[in-house]
Amino acid sequence: MLAIETSCDETAAAVVASGPRLLSNVIRSQDELHAPFGGVVPEIAARAHLQTLVPVIERALESAGTRWEQVDGVAVTRGPGLVGCLLVGVNVAQAIAWARKLPVVGVSHLAAHVFAALLEEPELRPPVLGLVVSGGHSDLVRWQEDGSIAVIGRTRDDAAGEAFDKGARILGLPFPGGPAIDRLATAGDPRAVAFPRPRAPGLDFSFSGVKTALLYEVRKRAALSEQERADLAASYQEAIVDALLQRVEAALFPSPVGEGGSGWGPSPTLVIGGGVARNRRLREAAQQRFGSQARLVIPAPELCTDNAAMIGAAGLIEWDRRGPDPAPFDADPGLGFA
Ligand code: KG4
Ligand code: ZN
């Protein structure tokens, strides 16, 4: 299956065989185009997709050693994302499908961040607890026995990636902020500043409070030394990571345990996906906290940030579950996990 992803600022194509087995994964990042503006500019992103998508698809086929005649279907991100960006992928996918008489399946980018784990552990099956942490979303989900994905916790304000990006801006670090904080934090002390642990009711998240706390800490100081900046980055990162994992723990080991157990079976499975799952402290802390009590799957870093391999994995799952989509279909910028 050929898979295409253009929801935000990565132009990506991949070839994924059943299994799922990854044959190629080509990602053209637009970071350099957007960095001068401190964030993704939708019009620039859409135009760049238009210019690079076809060569990216050709390169994905070439590096997989796959000929067009061997492609048996096309998977594409239908949403959520920037409408102009999604339209490029959805239209190119349907044009290919029409020209080559192939079935096409439109998938949720968010669900794909969970299904990326199948590329590492193909035999994973529900029930699975998923933490999806990206630039636009922080969701706790349950991949259910019937194949659907239910949201059981969400952010009340900023997404985790947004908290990293805005925090980086407050600290004077370049865009994208997540990797910049991740890097700088290695030189800092995570206990230097006791940031509030963001809390929202139930399994929900809230990050605006910790972001404001960081802003006040920076304002309190006339100028930041390099060490202070690193300490603030490490402490801020620790607060976000801790808040995320605290909710995961509450979902995984509910108390009191309901009738019929926790709902996750005898050995719970936890998947963490989305761009923030690249964060080294999050990966390490999740391993320390849940490694011995749950089956923990955090895909390789390049499968966490936006990519088309995960769209292929999701495409195969959706294909089995509900078959291809009747074309033509539209991009859906507000799509959830369905
Ligand atoms: O999933 P993704 O590539 O795009 C969306 O679907 O939004 O996630 C991008 C987000 C950005 O907010 C970026 O700052 C964050 O993931 N991110 C990280 C790291 N790498 C990317 N956040 C923390 N640490 C990282 N190493
Ligand atoms: Zn994403």
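About the criteria used
- Residues numbered from 1 in each chain as written.
- Chains lettered and ligands numbered in written order.
- Predicted model: local features only at pLDDT ≥ 70, side-chain atom pairs only at ≥ 80, totals over all residues.
- Heavy atoms only, no water.
- Domains from an automatic or database assignment.
- Contact = heavy atoms within 4.5 Å.
- Buried area = accessible area lost by both parts, 1.4 Å probe.
- Salt bridge = Lys/Arg side-chain N within 4 Å of Asp/Glu carboxyl O.
- Polar contact = N/O pair within 3.5 Å; in protein donor to acceptor, adjacent residues only side chain to side chain.
- Donors = N, O, S within 2.8 Å, 3.2 Å for Na, K, Ca; no water.
- Helix = DSSP H or I, 4+ residues; strand = E, 2+ residues; numbered from the N terminus.
- Buried < 20%, exposed > 50% of the residue type's maximum accessible area, 1.4 Å probe, protein only.
- Pairing = 2+ DSSP bridges.
- Axes fitted to C-alpha atoms, helices over the stretch in contact; angles between N-to-C directions.
- Near = heavy atom within 4 Å.
- Areas by Shrake-Rupley, 256 points an atom, 1.4 Å probe, with all protein chains shown as cover.

> What's the story with the domain arrangement of the chain in this structure? I'm lost.
As a measure of interface size, the accessible area lost when the parts come together is often cited. Along its sequence, the chain is organised into domain 1 (2-116 + 303-322) and domain 2 (126-298). Between the C-alpha centres of domain 1 and domain 2 there is a distance of 27 Å. Taken residue by residue, the interface counts 16 residues in domain 1 and 21 residues in domain 2. A combined buried area of about 1400 Å² lies between domain 1 and domain 2, and 73% of that area is made up of carbon and sulfur atoms. Summed over the three residues of domain 1 that lose the most area to domain 2, namely His113, Val114 and Cys304, the buried surface amounts to 38% of that side. Inspection of the domain 1/domain 2 interface yields zero salt bridges. If you look at where domain 1 meets domain 2, you find four residue pairs in polar contact (both at pLDDT 80 or more).

> What should I look at first to understand the coordination of the zinc ion (ligand 2) in this one?
For a metal bound by four donors in a tetrahedral arrangement, the ideal donor-metal-donor angle is 109.5 degrees, while six donors in an octahedral arrangement ideally sit at 90 or 180 degrees. For the zinc ion (ligand 2), the full set of protein donor atoms is His109 (NE2), His113 (NE2) and Asp306 (OD), and the range of their distances to it is 2.1 to 2.2 Å. Spacing between the donor residues of the zinc ion (ligand 2) along the chain follows H-x3-H-x192-D. Placement of the pair is histidine 109 and histidine 113 together in helix α4 (residues 109-115), with a separation of four residues, close to one helical turn. Residue class for histidine 109 comes out buried when judged on its relative accessible area of 6%.

> I'm lost on the side chain of arginine 283 in this one. Help?
Mapped onto the secondary structure, arginine 283 falls in helix α9 (residues 280-290). A polar contact of 2.9 Å, which involves the side chain of arginine 283, links it to the backbone oxygen of proline 299. Among residues more than four places away in sequence, those in contact with arginine 283 are Ala277, Arg278, Ile298, Pro299, Ala300, Pro301 and Cys304.

> Looking at this model, I keep getting lost on the sheet that holds strand β4 (residues 74-79). Mind explaining?
Whether parallel or antiparallel, the strands of a sheet pair through hydrogen bonds between backbone atoms. The five strands are arranged β3-β2-β1-β4-β5 in an open sheet whose pairing can be described as mixed. Strands with a single pairing partner mark the edges of an open sheet, and in this sheet they are β3 (21-29) and β5 (104-108). Averaged over all pairs of adjacent strands, the angle between strand axes in this sheet comes to 20°, irrespective of strand direction. Here helix α3 (residues 83-100) sits on the sheet in contact with β1 (2-5), β4 and β5, set at roughly 150° to β4. Its contacts with the sheet place helix α11 (residues 309-322) against β1, β2 (10-17), β3, β4 and β5, and it is angled at close to 110° to β5.

> What's the story with unusual backbone geometry in this structure? I'm lost.
The omega torsion of the bond from glycine 79 to proline 80 falls at -10°, within 30 degrees of zero and hence cis. Positionally, proline 80 belongs in the loop between β4 and α3. In this model, proline 126 is joined to proline 127 through a cis peptide bond whose omega is 5°. With respect to the helices, strands and loops of the structure, proline 127 is situated in the loop between α4 and β6 (128-133).

> Just checking my understanding: could you explain the site of ligand 1 for this structure?
As a structural note, the neighbourhood of ligand 1 is formed by 18 residues, with Gly135, Asp165, Asp182, Gly275 and Asp306 the closest of them. Separating an oxygen atom of ligand 1 from a side-chain N or O atom of aspartate 165 is a distance of 2.7 Å. The side chain of aspartate 182 places a nitrogen or oxygen atom 2.8 Å from a nitrogen atom of ligand 1. Relative to its free-state accessible area of 550 Å², ligand 1 is covered by the protein chains to the extent of 88%.

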